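# A closer look at the structure
One-letter residues, chain by chain:
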Amino acid sequence: MLDTVRLGGEIHAFMLKFINEDNPGTMIDLGTLGGSFSSASDVNATGLIVGVSDTIRGHRRGFQFKDTNRNGKADAGEMKSLGALGVNSRAVSVNSANQ
């Protein structure tokens, strides 16, 4: 499950890692690409998450996030910018082939 949460003056994308009915799991802050905003829009069966995030320069970039080491935290390098053909970009969905 994906959500967006306000943290002080910032808005971050979160993922809820469901465990079971007795333990709803933990929320994982996905972070940003250096700015103060991120929002997740889709996740596929392999756990690849896509969305949009601000960069340190204030541009919006599509991103992909994968908890590659499966530690339940957002570590450096797990959120990757998808770049842009112009100033801004965004990712709205991801399929089973991670596209």
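Below: a short report on this structure. What you are looking at is a predicted structure, and each value in this text was computed from that prediction instead of being measured. (Residues numbered from 1 in each chain as written. Predicted model: local features only at pLDDT ≥ 70, side-chain atom pairs only at ≥ 80, totals over all residues. Heavy atoms only, no water.)

## Focus: unusual backbone geometry
Keep in mind that most residues, glycine aside, have a negative phi and that most peptide bonds are trans. How we decide: The helix and strand labels rest on DSSP assignments: H or I over at least four residues marks a helix, E over at least two residues marks a strand, and numbering proceeds from the N terminus. Summary of the burial criterion: residues with accessible area below 20% of their type's maximum are buried, those above 50% are exposed, and those between are partly exposed, where the area comes from a 1.4 Å probe applied to protein chains only.
One non-glycine residue, Arg-70, lies in the positive phi region at around 55 degrees. Residue placement: Arg-70 occurs in the loop between β6 (60–65) and β7 (79–81). Here Arg-70 falls in the exposed class, since its relative accessible area comes to 73%.

## Looking at the side chain of Ser-38
Put simply, the rule is: As used in this structure description, the phrase polar contact means that two N or O atoms lie within 3.5 Å; if the pair is within protein, one of them must be able to donate a hydrogen and the other to accept it, and residues adjacent in sequence are counted only when both atoms belong to side chains. Pairs of residues are marked as contacts when any of their non-hydrogen atoms sit within 4.5 Å.
Looking at the element boundaries, Ser-38 is found in strand β4 (residues 34–43). A polar contact of 2.7 Å, which involves the side chain of Ser-38, links it to the backbone oxygen of Gly-31. Every residue in contact with Ser-38, bar those within four places of it in the chain, is listed here: Thr-4, Ile-11, His-12, Ala-13, Gly-31, Thr-32, Val-52 and Ser-53.

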